[in-house]
Amino acid sequence: MSRNKSSKDLDSLTKEDVVQAVVVADNFSDAFVPMTNDTPSCLLPLVNNCLLDHTLEWLSNSGVQEAFLFCSRHVEKVKEHIKNSKWNSDTNPLSLNIIVSETCLSLGDAMRDLDAKGLIRGDFILVMGDSVANVNLLPILEKHRKLQKTDKGLAMTVVYKYAGPSHSGRAPQDDVLVAVDKKTSKILFHQNRAASSDPKKVHIPMEIILERPSVDIYNDMLDTHISICSVSVLPLFSDNFDFQTRYDFIKGILMNEEILASSLAAYCISDREYAASVDSWHMYKNVTQNMIHRWTFPLVPDMLDIEGEKAYQYLRGNVYKQHPVTLSRSSIVEDDSVIGGGSKVGEDSTIQRSVIGRNCQIGKGVKIEDSFIWDGCIVEDNCSIQRSVVGNNCTVGRGAVLSQGCILGQGVYCPPGYQCNQRLQSTAGDEDFEKIGESAYIVQLDDDDSDSEDGGTKQIWNELFSNENFVDDVDGDSDVSSEMSDDSARSVSPVLDDTKLFFNEVVDSLKRGFEDKLHCDNLILEINSSRYAYNVSMREVNLLVVKAILSLPKSETDSYLSQLWQLLTYFMPILKNYIKNPVAQSDCLQALKEVGLAEKAFLSGVPKLLNVLYDQDILSEEVILKWFSDLKAEPETKDLCRVADPFIKWLKEAEEESESESD
Amino acid sequence: MMKLENPKVQVQQSFLRFVSDVKQGKYHGSLEVTRKTVDLLKSLIVDGEFTNAQGMMSTIRTHGSFLHKSLPHYASVGNMARRVLKIVREEYAVGRKNKSEEMDPQESLHKIVTSVDSGEDYSSPLPDLKLSVLDHISEFEMELETSIDNIAQQAQEHIHSNELILTLGTSKVVESFLRKAAAHRKFDVIVVDCGPLGKGHELAVSLAKSKINTTVIGDNAIFGIMSRVNKVIIGTHTVMANGGLRALSSCHTVALAAKHCSVPVMVLAPLYKLTPQYLCSYDQDAFNSYVAPDGVLDFSDHSTLSQIKRYCPVFDYVPPELVTLFISNTGGHAPSYVYRLLSELYHPDDYEI
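Just so we're clear, the structure is a prediction, and the values are computed from it rather than from any experiment. (Residues numbered from 1 in each chain as written. Chains lettered and ligands numbered in written order. Predicted model: local features only at pLDDT ≥ 70, side-chain atom pairs only at ≥ 80, totals over all residues. Heavy atoms only, no water.)

Peer 1: What exactly am I supposed to notice about the overall build of chain A here?
Peer 2: Counting its regular elements, chain A contains 21 helices and 36 strands. Counting the 663 residues in chain A, one finds 54% classified as buried. Here chain A displays about 29,400 Å² of accessible surface, and carbon together with sulfur accounts for 50% of that area. (Helix = DSSP H or I, 4+ residues; strand = E, 2+ residues; numbered from the N terminus. Buried < 20%, exposed > 50% of the residue type's maximum accessible area, 1.4 Å probe, protein only. Areas by Shrake-Rupley, 256 points an atom, 1.4 Å probe, with all protein chains shown as cover.)

Dropping the structure here:
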């Protein structure tokens, strides 16, 4: 098969270097609470096999020879699992080393720890322990090395997969927009739309497009959370202790490309290959479906080769059954379902689009739809389970109804007849969760934004099943959209704060620069770095810098104007640096206007200021005239118009003169 | 040799490795897999300590059935285990006969008829067994190596000048068969592309390189072109016990179209592809394999994805009545003769492995 050419690819890589991979066992988030209370996230089952096994299987299939498994939480369980698996045997082509660091709280910590341990010798592949994929990594590694030859600073190749903008395989938090240089595959711009202020708008800096012959801007990419890293990645993490996540890293590198002397490249895997990382319930559901639909081939249940496990039988309608399954005569199993070995399904029960674990007891008249029931569960008669997750060894009492994103942690006993759409766990935990029965407590997520009374559960449900496959949930969808609009309204103010902070910073820098007689180039650098720190757009920078310069002199004294001239001559290089094109010029004039409105003392200086700026070729004639005509239209700028009038007249006369001269 | 601690599955590591390699697609073509299987079984005999045929056979059977169960889609793997078992049986019988001849050279016809078949009991010790079995296996390996050539040798008998030959997908046997014929005759070839998996293009390119007039057509054009075709020559993945084929998908289409137009269908099948299995139902476990549907629909094509169920089967079953002739390394056979070949190749006791 064409997708597996690993042996050939291996030869083309040099013999002596070993392909190394770092598998981070933890996802450092509480997305899977309460499941992850006593189980590491990489050991959660996906289609009845734990995520880590899927990841390792893929790595060994794609030619990785040495893997470092980085554990931080529930280390013993991971170790125990590896010990009992085939990855422990000597003859396995993949040699697996376990690294333990219990203090790590983020990916950044893990990378710093790895750097300190010094185990990585060359380029390595960084994946999460929850990846499900069948992509061959060697061609990507080769491409990375090829790019490295031309670009010494290449730190990381980020692996993407094509998936349309509304593709169900894309988690909302992974909605990214990426601009890539077509020739060098260098990432120029990367924006996570969920994190940005206005998800409907994208601001791509002009210089990205202007400086290059061709730029690809992608809105249809799914971040696979796989990256090929150069050795320099680990020191970069160590040097920048504020890099916590992979997203921080990408953002940080792109912002400070020159300072860190590093760059990123993008690689898009073909439609024939699959890769995804299960880091949320949304992805859990999607990856499960993709696996059942066999996109992950050969990582499908009937091809898996796990020791001591019987293979699955693949039947029509994408139904997978493991031997021995007992289905009663009148039970119906249809459409994309998986049933693990040793499970029993009672009379008149229907199972649709669901995954049932091993040794589950499903009673009579049970209805299970779009749900995930893990190993050893007991579902008593006449229960209805829809769009829910039931953890290992749970018992769902007779007639209980679980719906809309209900999640039962391991060992929960859901009382008979209980109707639930929340997360339940079996122990009370540290906080006093509401008790609804013997070993069943409602989990309250300490999310900051779950302030609305039922926002929490809605969100889970949304995460699990925000899929247009389910047409019947129209009201649910409207809830989602209203939430979205709330979000955007809330997030406007922090942006304003950022610009304000930036303005204060610029004023401080300029003040200090003038007092200490610092070189203007250094000041520009300082302003630029604070610009990145507060994520301020270029136009705002133009506006704010001019404003800052103009508002520096102390207004109450008579010497305002003389101070202003002093400052202006001193800061002229800065102005020249920022005010380059007509857009920036109009920004500059806008600043002039705003200051003029606020500062009476400034008004008398306006004509001279305009004259100076005009003489210095900072402002062009057309822009000034345009600005002036706009000014006239507004009533509150009457004063400004009055003082600027002589200059404008002079300007017009000069123009006519020059015209007549040329005639 | 390392053995697993679990006493139930005493399978050697090299076998486990082989299984995972095959699953990962590290071997190309069924001949390569077959050859490697024989190698592994041979190494079992070389490394093992056997006093009699029974021990040897049970070891081969355990490993053979392990391979067969782990690689259900590769029928030739199970076939090789059956074949090696048959070789052991034969050598044992020959060895016993030699011995008994020494003791009693004058065996009467009556004795032969009435004697209980000594082949049923393999427990008596036979010191030379290992050597003779290894010799026989080497012979068999030679046969495997030359099987494609032997088939290609017969090309001139089946392909005549100015004929239009239709074939599909890519197959090493078909390729060498056509090449051999092209050395002497001039004829045209049409290659059916066999989407989404089929690599008709690959075959067409390599045929064109040997100066054969080649045309590639899509699967939808099969029926249209069939009336002009003189012969259909295809390879197969497996030949079932009734003479049916398990072959690349769209073979059934080709065979049906050929039947409609009364075009002879010839199947090139080296003997190692003959398996004593039958197709009982289309839902039969491990008859077909389904791969990722990426060849049919793009993963990124979301709007259609959510509404459509996609299957991408690899194999087709072609019933025996649609096949005109099997060409094996020993000559041409009718589908109805396959059962006879099977009984020559394998011992009936080994059919269920």
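Peer 1: Please clarify how the overall build of chain B should be interpreted in this entry.
Peer 2: Scanning chain B for helices and strands turns up 13 helices and ten strands. Here the C-alpha coordinates of chain B stretch approximately 70 × 50 × 35 Å along the principal axes. With 353 residues in all, chain B has 51% of them scored as buried. The contacts in chain B between residues at least 6 apart in sequence include a share of 78% that link residues at least 24 apart. In the structure as shown, chain B presents an accessible area of about 16,500 Å², 52% of it carried by carbon and sulfur atoms. Positive and negative side-chain charges of chain B, numbering 35 and 40 respectively, have mean locations separated by a distance of 4 Å. (Contact = heavy atoms within 4.5 Å. Lys, Arg positive; Asp, Glu negative; His and termini not counted. Charge placed at Lys NZ, Arg CZ, Asp CG, Glu CD.)

Peer 1: Explanation requested: a nonpolar patch on the surface in the structure shown.
Peer 2: Residues and elements named next belong to chain A. A cluster of nonpolar side chains, namely Met 206, Ile 209, Leu 210 and Ile 217, defines an oily patch on the protein surface of about 400 Å² accessible area. The topology assignment puts Leu 210 in helix 6 (residues 206–210). Classification of Leu 210 as exposed rests on a relative accessible area of 62%. (Patch = residues over 30% accessible without salt bridge, like charges linked within 9 Å, V, L, I, M, F, W, Y side chains within 5 Å. Salt bridge = Lys/Arg side-chain N within 4 Å of Asp/Glu carboxyl O.)

Peer 1: How should I be thinking about the environment of Ser95(A) in this particular structure?
Peer 2: Residues and elements named next belong to chain A. Looking at where Ser 95 falls in the secondary structure, it is placed in strand 5 (residues 95–100). The exposure class assigned to Ser 95 is partly exposed, which follows from its relative accessible area of 34%. Each C-alpha atom of the pair Ser 95 and Arg 398 lies 48 Å from the other, and the pair is 303 residues apart in sequence. Setting aside its immediate chain neighbours within four residues, Ser 95 contacts Gln 65, Glu 66 and Ala 67.

Peer 1: Could you clarify how one ought to interpret the sheet that holds strand 34 (residues 423–425) of chain A in this entry?
Peer 2: Backbone hydrogen bonds hold the strands of a sheet together, and the pairing may be parallel or antiparallel. Residues and elements named next belong to chain A. The ten strands lie next to each other as 15-16-19-22-25-28-31-34-36-35, forming an open sheet whose pairing is mixed. Only two strands of the sheet have a single neighbouring strand rather than two, namely strand 15 (312–315) and strand 35 (434–437). Sheet topology places strand 31 (residues 407–408) next to strand 34; two bridges connect them, and they run parallel. Paired with Leu 408 across the two strands is Leu 424, which belongs to strand 34. (Pairing = 2+ DSSP bridges.)

Peer 1: I would appreciate a short explanation of the pattern of salt bridges in the present structure.
Peer 2: Opposite charge on two side chains allows them to pair when their charged atoms are near. Residue and element names in this part refer to chain A. Under the criterion given, the structure shown has 27 salt bridges over all chains. Of the charged contacts in the structure, one is a salt bridge between Arg 121 and Glu 66, with a shortest N-O distance of 3.3 Å. One end of the pair, Arg 121, is in the loop between helix 4 (107–117) and strand 6 (124–128); the other, Glu 66, is in strand 4 (residues 66–71), with 55 residues separating them in the sequence. Classification of Arg 121 as exposed rests on a relative accessible area of 57%. Judged by its relative accessible area of 15%, Glu 66 is buried.

Peer 1: Just checking my understanding: could you explain the packing of helix 6 (residues 129–153) of chain B against helix 8 (residues 172–182) of chain B for this structure?
Peer 2: A pair of packed helices is captured by two measures, namely the crossing angle of their axes and the spacing between those axes. Residue and element names in this part refer to chain B. Two numbers describe how helix 6 lies on helix 8: the axes approach to 8 Å, and their chain directions differ by 40°. In terms of orientation, helix 6 and helix 8 fall into the oblique class. The handedness of the crossing between helix 6 and helix 8 comes out as right-handed. Within the contact between the two elements, helix 6 uses Ile 148, Ile 151, Ala 152 and Gln 153 and helix 8 uses Lys 172, Val 173, Ser 176, Phe 177 and Lys 180. For the contact of helix 6 with helix 8, the residue count by class is five nonpolar, two polar and two charged. (Axes fitted to C-alpha atoms, helices over the stretch in contact; angles between N-to-C directions. Parallel < 35°, antiparallel > 145°, perpendicular 65-115°, else oblique. Left-handed = near helix turned anticlockwise from the far one by under 90°. Nonpolar A, V, L, I, M, F, W, Y, C, P; charged D, E, K, R; others polar.)

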